[in-house]
Structures are given as structure tokens and as C-alpha cells.
Amino acid sequence: MTTVSGFEQTSISPQAIYFQLDDSWRSASGKGVSVAIVDSGIDTDHPNLAGKILESVEARVENKRIVFDPSDNGDSAGHGTACAGIIAKIAPEAELHSIKVLGAGGLGDGQAFLAGLEYAIKKRYRVINLSLGTTKPQFFSPLHDLLDRAYQAGSIVVAAANNLPYPSFPSVFSSSLISVIKSEETDPLNFGFHYGEVIELTAPGVNVRTAWPGGGHRNLTGNSFACPHIVGIIALLLEKYPDLTPFQIKSALYSIAKENQGDDTETRP
Amino acid sequence: MPEANENDFSAKLRRLVETIDIANILTEPLTQSITNLLKISAADINSDEASVLIREGDQGDLRFLAVIGEVAEHLINMTVPAGKGIAGFVLSSGQPIAVSDVGEDETFYAEVDKTTGYLTQMILATPLRHNGEIIGVLEYINRRGDAPFEPFTPAEMDKAAMFADAIASLVNAYESAKLFRELSDKVLTEDENLNVAEVRIWLGGLRDSAEHREMMDLAVLIREIASRGDAERQMCREVLGAVLKYSDSSSETSFLSF
């Protein structure tokens, strides 16, 4: 049993406990939870993913605006398929939606990325995987607005941090999304929490074996592959507790991470 | 063309050609510096094969600007189509990635491997950024020695990101010099009033002139001094600044006589 407040139940009043999680989420499958993957597309024929991708759309420029059309172009880079493979491994019955914003076609990288995020928020997908980022300052403000909209719509945005010595957006926005950095942990459910750090969660991201276009698998390293681990775990939580808000999900992840780290005490930096 | 206008045009053209030639002189050592830094970084990351790919055009294609290793000659100046493979993804996403078993279906290197016989097994790719813009990709392929190779580690990815920072500054300087040269070339070749044959003769005369050669020698000398280190660059800047200041304050003609 995980108590989200982090305190022993007997030491505080019952009103202080907003909700309690039992461990049933660990055996959940993400059934009925919609997950958007804003990335390079997904190989929908991959044996690990066949039948799990409910929608594939692709960004296209029309009259200087970005619109989304149904896509059967798959994934020419491999990244989106790899992220989808990790989510499907953790939450095999989650409903995956591929929003392709990377690839050929001369799309401005930040512009298409923002449009893809907006598309996912408008559709009110419950979890949004963003294993992408931008360091362009002009996207700071529009991304902030979009993430506020996501928060209000109840969509939980999970973003990969950047290894580089610059702030990368949106992973540095800590209030309205969950940001993730890679760890060398191998158990997919064993993630950690760094209280007080800009990047809040750590999850497996080193030599992760996952799906690759064409039906094969690859061993991959990067924060990009830590992010879908947390997305998969959120899908499990939402199957069991569908009414959790982004704030409550964050609190739940914090409590579980503390348990994972063998630390039941409430600490502050 | 009236004589005054002709002289004015000729002076402008001369300055343009001088600038192009100096830009050429400056661009060449930049690519050499990028290659040198690539070698140092590859040794640190324990890899013998490394490449700097730069964004080419608006569509997100990548061109191999500097390459070290067995297949360097095959790769240099080759283009990777937009969005293809690991490098294409890193360019468009900004996310560094390491793949420890690339395999035969990795779209770009599989084609290169077929023609060279080289076997690409691992890739570490990280973006080159300048002022928030992604201008290219830095890649390391395989490790030193024989397979099987140990996968690239998170610490090596961090090192690659630091080297990418330094290499990106050089790539940006190279791109600026190249852009300037291309713009100048365009002006020279697209002016309909120019008689190309006459321009070539004029250019030949200009480039053979003692004055032009001396100017190029001076540019090479400054480049040489600048490559020696911070102290030399500082001293050079101060000496040249003092010469200019003195020249400005003296007579209209040259103040130095030998």
C-alpha cells in the first residue's frame, strides 16, 4: 500500500490522506488508457505493436499551417517505434496513438513538434510521450501555454530531459509536466525521484532492448527511452485509478519512487 | 559605362574578390580544426570512426563535412536524406542517442557498408547546437579494436555532448564563412551586365598582382598567429589595432616607408 502523503497513516488525520494506492496497478495492463506518442511515427506492423496502434497521423504543411492527415508511412528513423515498444511492454493494452512530427518534408522542427502536442491535447489523450525537445527560446512561451492547457484538460505530459548543458524545453518546465532522465536500472518498474532537481524522475534508459522498424529489436541508450517507461507506468496507474489528475499522478509517482528507493521518510533538500 | 562609375565598380569588385579569397583561406583551416577536434574526441571516447554532419538546405538533409576512420574517403561530402536513420532523427529531435546493435537494416550505414565492406555495429549520435539551433550531428561509430564491442556508456554520451559544443562553434564559423563566399560568388555570376570573359581576365590580373598576393600572405600570417593561442591572438590584435590607430592619425598616404 502506498500512501501518497508519504506519512504513516496513523500519524496524521484521515482527512490529510487524499488517496491511497494499492499495488493492483503493478499487475494492470493499461487497458482503455489513451497514450499519444509525438515522435517519428510508428511501425504499426511490428509484431510487438500490431493491433495496439489505434491511430497514426502525420504533420503536413498546408497554406503555412500544420495539419494532420492519416499516415501509413511508418517510421523512417526508428525512434517512435522504439518508444512505442517500451510503452507496449509495460502497458500492453494501452491504446497507442502515433503523431508523426519528425521526418522528411522540411517541417520546422519546433513548429511541428508544438503542433503535434496541441493535436494530442485537443484529442484529450490521457498520457502524452514527448521524447523530444527544443532549445529555441522562441518556443518557450507557446510551450508553456500548451502545457497549461494539457494540465487543465487532464492530459499528463511526460518529456525526456536533454543531456546537453543547456535548458531544453519543455523538460525544464517542472510544474505542469513530468520530466525524466535515464538511469542504468534494468527493472522497467523501478524508477526513482530526485526531489529538488529540475529533472524529477529517473527511469531505465541505458541499453534498453526494444522494438525497431522492420520487425527487429535494438539496444538503445538515451533519455528518450527513459521517458516511455514512465508513460507506461502512468497508463497502468490510470487503468486502476482513471480519475487521477496530473497533480495526483505526480504525487503517486513520487510516493512509488520513494518506495522503490527504499526511503519511506519524507525528505527535503 | 562612364569612367567614374567604372572605377567605382572596379573598386567594389576588387574588394569583393579580396574578401572571397580571404574567406577561402579562413574556411580551409576551420575544416582542418574540426577534423583535429574530431580525432581528439574519438580517442577520448575510444572510437576510431567519427563524423561531423551538417544541415544542408531547408529540408533537413545532412552532409558529411569532416570524417575520420577507415571509410572517411567514401563518406566525405556524401548526403544523408532528411529524416533518415539515427542522424536524421537526432537532427530533427535534438535528442542524443546510442545504438549498440545497429544491424543490417540501419538505413543509411547499411548502404555505405555494402560498398565499403565496413561493418557498422554501434552508433553514438549527439546534436550540434549553436544559439539554440541544431546545425548538425556528431557521430561516433564502433569502438577501437575488434568486435564484440562494449556499448557506449552514459558518461561517454556526456563527453560527446561536450565535444559537440566545441565542434558546433567551429562548424558555425565555417558555415558563416561559406555563406559569405557563396553570396559573393552569386553576385559575381548573376549580374547580367557582367561580361564573364572580361571578368575572368580582370580577376586573373587582380589575383596575379603583387598587392593581392601580399594581402593574401598577410591573411595567412594572421591566421597562423591566431592558431598559436590566446596570448598570440591578443598580442596580434593589439599590435594591429595600434598600427591602424596610428595610420588613421597620420597623413593620407601610407605612414610607413621602407
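A.B. asks: Any chance you could break down the overall build of chain A for me, citing the residues and the numbers?
C.D. replies: The secondary structure content of chain A amounts to five helices and 13 strands. Evaluated residue by residue, chain A yields a buried proportion of 53% over its 269 residues.

A.B. asks: Could you give me a rundown of the overall build of chain B, with the residues and numbers involved?
C.D. replies: Along the backbone of chain B there are eight helices and six strands. The linear arrangement of helices and strands in chain B, starting from the amino end, is α-β-β-α-β-α-β-α-β-β-α-α-α-α. Considering chain B as a whole, with its 258 residues, one finds that 31% of them fall into the buried category. Sequence-distant contacts, at least 24 apart, represent 61% of the contacts inside chain B between residues at least 6 apart.

A.B. asks: Can you lay out the pairing of strand E5 (residues 123-130) of chain B for me, pointing to particular residues and giving the numbers?
C.D. replies: Residue and element names in this part refer to chain B. Along E5, seven of the eight residues are buried, which leaves the element largely enclosed by surrounding structure. With three bridges connecting them, strand E4 (residues 97-99) and E5 associate as antiparallel partners. Across the sheet, residue alanine 98 finds its bridge partner in E5, namely leucine 124. With eight bridges connecting them, E5 and strand E6 (residues 133-141) associate as antiparallel partners. Bridge pairing in E6 places arginine 129 opposite isoleucine 134. The hairpin formed by E5 and E6 contains two residues between the paired strands, and asparagine 131 there has a positive phi angle of roughly 50°.

A.B. asks: Before we move on, can you summarise the sheet that holds strand E1 (residues 49-56) of chain B with the specific residues and values?
C.D. replies: Reading across the sheet, the eight strands line up as E12(A)-E13(A)-E4(B)-E5(B)-E6(B)-E1(B)-E2(B)-E3(B) and stay open at both edges, with antiparallel pairing between neighbours. Every other strand in the sheet has two partners, leaving strand E12 (208-212) of chain A together with strand E3 (79-80) of chain B as the edge strands with one partner each.

A.B. asks: Quick one: what's the story with the nonpolar core, residue by residue and with numbers?
C.D. replies: Judged by nonpolar contacts, the single largest core of 125 residues is most densely connected at Ile87(A) and Val158(A). It is helix H4 (residues 223-240) of chain A that contributes the most residues to this core, eleven residues altogether.

A.B. asks: Please provide a residue-by-residue account of the interface of chain B and chain A, values included.
C.D. replies: How big an interface is tends to be stated in terms of accessible area lost as the parts join. At the interface, 32 residues of chain B touch 36 residues of chain A. Contributions of two or more residues to the side of chain B that touches chain A are made by helix H3 (85-93), E4 and helix H5 (154-190) of chain B. Across two bridges, the pairing between strand E13 (residues 216-221) of chain A and E4(B) is antiparallel. Its bridge partner lying in E4(B), Leu220(A) is registered against Val99(B).

A.B. asks: Run through the sheet that holds strand E10 (residues 192-193) of chain A, naming residues and quoting values.
C.D. replies: Residues and elements named next belong to chain A. Read from one edge to the other, the open sheet built from nine strands follows the order E5-E4-E6-E3-E7-E8-E9-E11-E10, with strand pairing classed as mixed. Of all the strands in the sheet, just strand E5 (65-70) and E10 have a single pairing partner and so form its edges. Bridge count for strand E3 (residues 34-39) against strand E6 (residues 95-100) is six bridges, and the pairing is parallel. In the strand pairing of E6, valine 35 is matched with leucine 96.

A.B. asks: Which residues make up H4(A), and what values do they have?
C.D. replies: Between its first and last C-alpha, H4(A) extends 27 Å over 18 residues, near the 26 Å set by a 1.5 Å rise per residue. Of all the 18 residues making up H4(A), 17 are buried; the element is thus mostly covered by neighbouring parts of the structure.

A.B. asks: Give me the confidence of the model for chain A: which residues, what numbers.
C.D. replies: Residue and element names in this part refer to chain A. For chain A, the mean per-residue pLDDT works out to 85, and 81% of the residues sit at or above 70. When pLDDT is averaged over each element of chain A, E6 comes out on top at 97 and strand E1 (residues 2-3) at the bottom at 58. Scored below 50 in pLDDT, residues 5-10 shows ten contacts in the model against residues more than four places distant or in partner chains. For the stretch residues 265-269, pLDDT sits under 50, and the model shows five contacts to residues farther than four places along the chain or on other chains.

A.B. asks: Talk me through the packing of helix H1 (residues 79-90) of chain A against H4(A); I want residue IDs and the actual numbers.
C.D. replies: All names here are of chain A. Two elements in contact, H1 and H4, have axes whose closest approach is 8 Å; the angle formed by their N-to-C orientations is 35°. Crossing geometry of H1 relative to H4 is assigned as right-handed. Note on element contacts: H4 touches H1 through Ser224, Phe225, Pro228, His229, Val231, Gly232, Ile233, Ala235 and Leu236, opposite His79, Ala82, Cys83, Ile86, Ile87 and Ile90. The residue makeup of the contact of H1 with H4, split by class, is eleven nonpolar, four polar and no charged.

A.B. asks: Kindly report on unusual backbone geometry, identifying the contributing residues and their values.
C.D. replies: Across residues other than glycine, the phi torsion is negative in most instances, and most of the peptide bonds are trans. All names here are of chain B. In the Ramachandran plot, asparagine 46 falls in the positive-phi region, its phi being about 65° despite a non-glycine side chain. Positionally, asparagine 46 belongs in the loop between helix H1 (3-44) and E1. One non-glycine residue, asparagine 77, lies in the positive phi region at around 70°. Structurally, asparagine 77 is set in the loop between helix H2 (72-75) and E3.

A.B. asks: Which residues make up the packing of helix H7 (residues 210-226) of chain B against helix H8 (residues 230-249) of chain B, and what values do they have?
C.D. replies: Residues and elements named next belong to chain B. Relative orientation of the contacting elements H7 and H8 amounts to 140°, with a least axis distance of 8 Å. What the angle tells us is that H7 and H8 run oblique. Where H7 approaches H8, its residues Ile222, Ile225 and Ala226 are matched on the opposing element by Glu232, Arg233 and Cys236. By residue class, the composition of the contact of H7 with H8 is four nonpolar, no polar and two charged.

A.B. asks: Please give an account of the pairing of strand E2 (residues 61-68) of chain B that cites residues and values.
C.D. replies: Residue and element names in this part refer to chain B. Burial runs high along E2: seven of the eight residues are buried. Between E1 and E2, which pair antiparallel in sequence order, lie four residues; one of them, glycine 57, sits at a positive phi of approximately 75°. Pairing between E2 and E3: two bridges, direction antiparallel. What sits directly across from arginine 63, in E3, is threonine 79.

Cut-offs used in this document
- Residues numbered from 1 in each chain as written.
- Chains lettered and ligands numbered in written order.
- Predicted model: local features only at pLDDT ≥ 70, side-chain atom pairs only at ≥ 80, totals over all residues.
- Helix = DSSP H or I, 4+ residues; strand = E, 2+ residues; numbered from the N terminus.
- Buried ≥ 20, exposed ≤ 12 C-beta atoms within 10 Å, placed from the backbone.
- Contact = placed C-beta atoms within 7 Å.
- Pairing = 2+ DSSP bridges.
- Core = buried A, V, L, I, M, F, W, Y, C linked by C-beta atoms within 7 Å.
- Expected span 1.5 Å × (residues − 1).
- pLDDT = per-residue confidence, 0-100.
- Axes fitted to C-alpha atoms, helices over the stretch in contact; angles between N-to-C directions.
- Left-handed = near helix turned anticlockwise from the far one by under 90°.
- Nonpolar A, V, L, I, M, F, W, Y, C, P; charged D, E, K, R; others polar.
- Parallel < 35°, antiparallel > 145°, perpendicular 65-115°, else oblique.

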